[in-house]
Amino acid sequence: MSGEEVTGSGLETDNGIAAAAGEPHYSPQDEGGAAEDPAAMGRCGGMSGCRVAAVVVAVLVACLGVAMLAGGYNAIFNAALKSQLEIKEGSRSYEIWRKTPFPLILKVYLFNITNAEAFEKGAKPDVQECGPYVWREYREKKNITFNPNNTVTYFQQRYWVWDEELSGNNSRDDVIVTLNTVPVAAAWAVHTSEFLLGMLNGMFNSVKEKAVVTTTAEQILFTGYEDPVLDWLKEHPSFASGISYDKFAWFYGRNLTTYYDGLFNMKTGVDTLENLGKIDWWNKTRSTPFFSPPCNNVTGSAGEMFPPNQKPNHVVIYSSDLCMSVKLHYKENVTNDGIKGYRFWGSNTTFANGSVVPGNECYCVKGTCAPTGLLNAESCRMGAPAFISFPHFFNADPYLLNMVNGLKPEEEKHAFYMDLIPELGTPMNVAARVQINIRIQPYQGTGKFHFNRIDILKDLPNAYLPMLWFEEKAAMPPDMAPSVKFLLFLMNTPTLTIVWSLLVAIGVIVVVGLLLDHWRRHRSYDPLLDPLM
């Protein structure tokens, strides 16, 4: 065989030099791998374009995971949460706050005096609780104005719709025998003046006023009952200073009004969620004339939302109905629909006087300090001797129960409570329960001529008489529970931390694996054997 043939045959093999030298034939397939095109690997044994892309993607995934674990995820999550909790147009909280998507349930219980004749002659009143009379309550904010200082100004419109189903056998036409608040309030307003009491007594006698009236549940609550004193004041408007009612009812004229609750200015939480829902001022003041400082300060939440991350101590709500800031104390942990929360409630210090809570003397009005468990609402209710308590004098001085027959306080029925989701500051279950009482006393008169005697009130017993109590109840709709649970799951478990950690681990493993594979291939590759060299 010619040398030319030998030479040609050797060079034409895949490993010509090895073949010519008689060495064993080597092929990449011998290591179980697919043959790789040297041009694709590069002149110096580099990685393919796909492998480079995989390394870049893996590095980016690992870097993203590290960034998220270093605080990026928390920053993004908190920003998204803040955008939905703060009160501004477009946020989820704003739509719920602007117009309550579901009605509150208002249950009213009236106290019927069953021994009216004996009561007028000085006997301890026997009261019978009647109800519940149930209305659905709707709320909507009106005249909403956002201010540059991250507050929003608004009025609140409330209206009530009778719920016959929830009222059961109770009818709005049920007959109720009750104390006539009109003459009692009028006498209390001038009780320090013998002369004015004498004039008032003459007017009461001339119009045949009564201390006890018989009316219906709807009249005593919403539509109002007529009274001869109010009729007389309509005919003599010069004596009706500050009195604009032609009838009396506890909620008379309130349905659909926007002005009754007053003008609110509330912090929106746009600057920081620590301010979310906090009241800035009410009726253009941060201190009211109803109590002495500091009890007259307008502080706390407007009542519908609270800053996130609540602690188990207390929350404060400003109530325009009570003209005061109400402090609810932490009671216990609760679970509603699988969602955990804190229960805050009206304890025995919420309406305590200065003998129980030092400093609460500022709730005394015109020198009148109520027994503990009562709030003197005289100045808040146009001078009427109205006192606020929890139903059936729950958590109040036991001596109040001795003034009336027919009361039985029970925590389950009469406690005021609010269940909050602490992470979100969102109420999930609320039962606001309050009782209205009227202070009655005999006006027997003193001196020879008894100028300060009120004939129709002279024999009444000395008591705080319960007139009615009501419960406003609201609960998170069941269809909201799953989304809230999922949000709390993300907030309270390391799920996403684990996810980001796995992404970091996967990215690192991919990068290391590709680099090791490249190193192995580079080590087994000899450029002297490259036919292109």
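Quick caveat, the model's predicted, so the values are computed rather than measured. (Residues numbered from 1 in each chain as written. Predicted model: local features only at pLDDT ≥ 70, side-chain atom pairs only at ≥ 80, totals over all residues. Heavy atoms only, no water.)

Caption draft 1: Structural view of the overall build of the protein. Of regular secondary structure, the protein possesses 14 helices and 15 strands. Expressed as a percentage of its 533 residues, the buried residues of the protein come to 45%. For the protein, contacts bridging at least 24 residues in sequence account for 65% of all contacts bridging at least 6. (Helix = DSSP H or I, 4+ residues; strand = E, 2+ residues; numbered from the N terminus. Buried < 20%, exposed > 50% of the residue type's maximum accessible area, 1.4 Å probe, protein only. Contact = heavy atoms within 4.5 Å.)

Caption draft 2: Expanded view of helix α11 (residues 228–235). Three or more residues of α11 are buried, namely V229, L230 and L233. Viewed along the axis of α11, the buried residues span an arc of 100 degrees, placing them on a single side of the element. Contact partners of the buried residues in α11: α8 (181–189) and α9 (194–207). N-cap assignment for α11: the residue whose side-chain oxygen lies 2.9 Å from the backbone N of V229 is D227. (Arc of directions from axis to C-beta. Polar contact = N/O pair within 3.5 Å; in protein donor to acceptor, adjacent residues only side chain to side chain.)

Caption draft 3: Structural view of the state of the cysteines. Taken as a whole and judged by the stated rule, the model has three disulfides. For C295, the disulfide goes to C362, at an S-S distance of 1.7 Å. With C295 in the loop between β7 (279–282) and β8 (314–319) and C362 in the loop between β10 (339–345) and β11 (375–376), the pair connects residues that are 67 residues apart, well separated along the chain. Judged on exposure class, the residue C295 and its partner C362 are both buried. Put simply, C364 and C369 are joined by a disulfide, and their sulfur atoms are 1.8 Å apart. Here the S-S torsion is close to 110 degrees, and the disulfide linking C364 with C369 is therefore right-handed. Classification of C364 by relative accessible area gives buried; the value is 17%. When its relative accessible area of 45% is taken as the criterion, C369 is described as partly exposed. (Disulfide = S-S within 2.5 Å.)

Caption draft 4: Broad picture of the pairing of strand β14 (residues 426–440). Where burial is concerned, most of β14 is hidden: 14 out of the 15 residues are buried. Pairing of strand β12 (residues 386–389) with β14 involves four bridges; the strand directions are antiparallel. What sits directly across from F387, in β14, is N437. Where strand β13 (residues 417–421) folds back onto β14 in an antiparallel hairpin, the turn is made up of four residues, including G425, whose phi is positive at roughly 70 degrees. (Pairing = 2+ DSSP bridges.)

Caption draft 5: A look at the pattern of salt bridges. In this structure the tally under the stated criterion is 26 salt bridges. The salt bridge partner of R343 is E332, with a shortest N-O separation of 4.0 Å. Of this pair, R343 sits in strand β10 while E332 sits in strand β9 (residues 324–336); the two residues are eleven residues apart in sequence, bridging distant segments of the chain. Look at E332 and you get partly exposed, because its relative accessible area is 30%. Notably, a salt bridge pairs R343 with D419, separated by 2.7 Å at the nearest N-O pair. In this pair, R343 sits in strand β10 while D419 sits in strand β13, placing the two residues 76 residues apart along the sequence. Just as R343 is buried, D419 falls in that class too. Several salt bridges converge on common partners, so that one network encompasses E137, R139, R158, R254, D261, D321 and E472. (Salt bridge = Lys/Arg side-chain N within 4 Å of Asp/Glu carboxyl O.)

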